[in-house]
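Here are the chains, one letter per residue:
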Amino acid sequence: MSLAIAGMLYALGQVLFGRFEVKTPPARRLRKPVVFFGVTALLAAWVGDWALVWVLGAMGAGLGFHLTWCRLNRVHPLSAEPKERYYRLRGWSL
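Residues numbered from 1 in each chain as written. Predicted model: local features only at pLDDT ≥ 70, side-chain atom pairs only at ≥ 80, totals over all residues. Heavy atoms only, no water.

**Student:** I tried to follow the packing of helix 2 (residues 26-47) against helix 3 (residues 51-72) on my own but got confused; where do I start?
**Tutor:** In helix packing, the relevant descriptors are the interaxial angle and the interaxial distance, both defined with respect to the helix axes. Across the interface, helix 2 lies against helix 3 with an axial gap of 8 Å and an inter-helix angle of 150°. In terms of their interaxial angle, helix 2 and helix 3 are classed as roughly antiparallel. Between helix 2 and helix 3, the contacting residues are Phe36, Val39, Thr40, Leu43, Ala44 and Val47 on the first element and Ala51, Trp54, Val55, Ala58 and Met59 on the second. Its residues assigned to classes, the contact of helix 2 with helix 3 shows 10 nonpolar, 1 polar and no charged. (Axes fitted to C-alpha atoms, helices over the stretch in contact; angles between N-to-C directions. Helix = DSSP H or I, 4+ residues; strand = E, 2+ residues; numbered from the N terminus. Parallel < 35°, antiparallel > 145°, perpendicular 65-115°, else oblique. Contact = heavy atoms within 4.5 Å. Nonpolar A, V, L, I, M, F, W, Y, C, P; charged D, E, K, R; others polar.)

Printed below as a string of structure tokens:
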């Protein structure tokens, strides 16, 4: 149950925030879900549905960081605009 909920929330996050990872290397983009679902699976096996505390806590912390970072750097938190500023902050070329 915990893994299914984690998967749905992760997919929702990818739809909403995927544009922030456009030029991130594939290895880094793959590492994030492997670690997230690995920890979730271990916790689900160990403490059952209490693993949802990890899922919601990790995603809440990530969302809080994202919104704070975007606000401090004057980047829109859903559209990653202005793209020039966002790309410069990430060290990417246009």
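Now, onward.
**Student:** Looking at this model, I keep getting lost on helix 3. Mind explaining?
**Tutor:** Two residues of an α-helix separated by three or four positions point the same way, owing to the 3.6 residues in each turn. Spanning 22 residues, helix 3 covers 32 Å between terminal C-alpha atoms, matching the ideal 32 Å at 1.5 Å per step. Turning to helix 3, its buried residues are Ala51, Val55, His66 and Cys70. Each buried residue of helix 3 lies within a common arc of 65° when the element is viewed along its axis, so the set occupies one face. Counted as exposed and oriented over 90 degrees from the buried face of helix 3: Val53, Leu56, Ala61, Phe65, Arg71 and Leu72. Buried residues along helix 3 sit in contact with helix 1 (2-17) and helix 2. Positive backbone phi, at 55°, marks Arg74, one or two positions downstream of helix 3. (Expected span 1.5 Å × (residues − 1). Buried < 20%, exposed > 50% of the residue type's maximum accessible area, 1.4 Å probe, protein only. Arc of directions from axis to C-beta.)

**Student:** So what exactly am I meant to see when it comes to unusual backbone geometry here?
**Tutor:** Residues other than glycine predominantly adopt negative phi, and peptide bonds predominantly adopt the trans conformation. Omega for the peptide link from Glu81 to Pro82 comes to 5°, which places this bond in the cis form. The topology assignment puts Pro82 in the loop between helix 3 and helix 4 (83-90). For Arg74, which is not glycine, the phi dihedral falls at a positive 55°. Checked against the element boundaries, Arg74 lands in the loop between helix 3 and helix 4.

Fair warning: the whole summary comes from geometry, so function is off the table for now.
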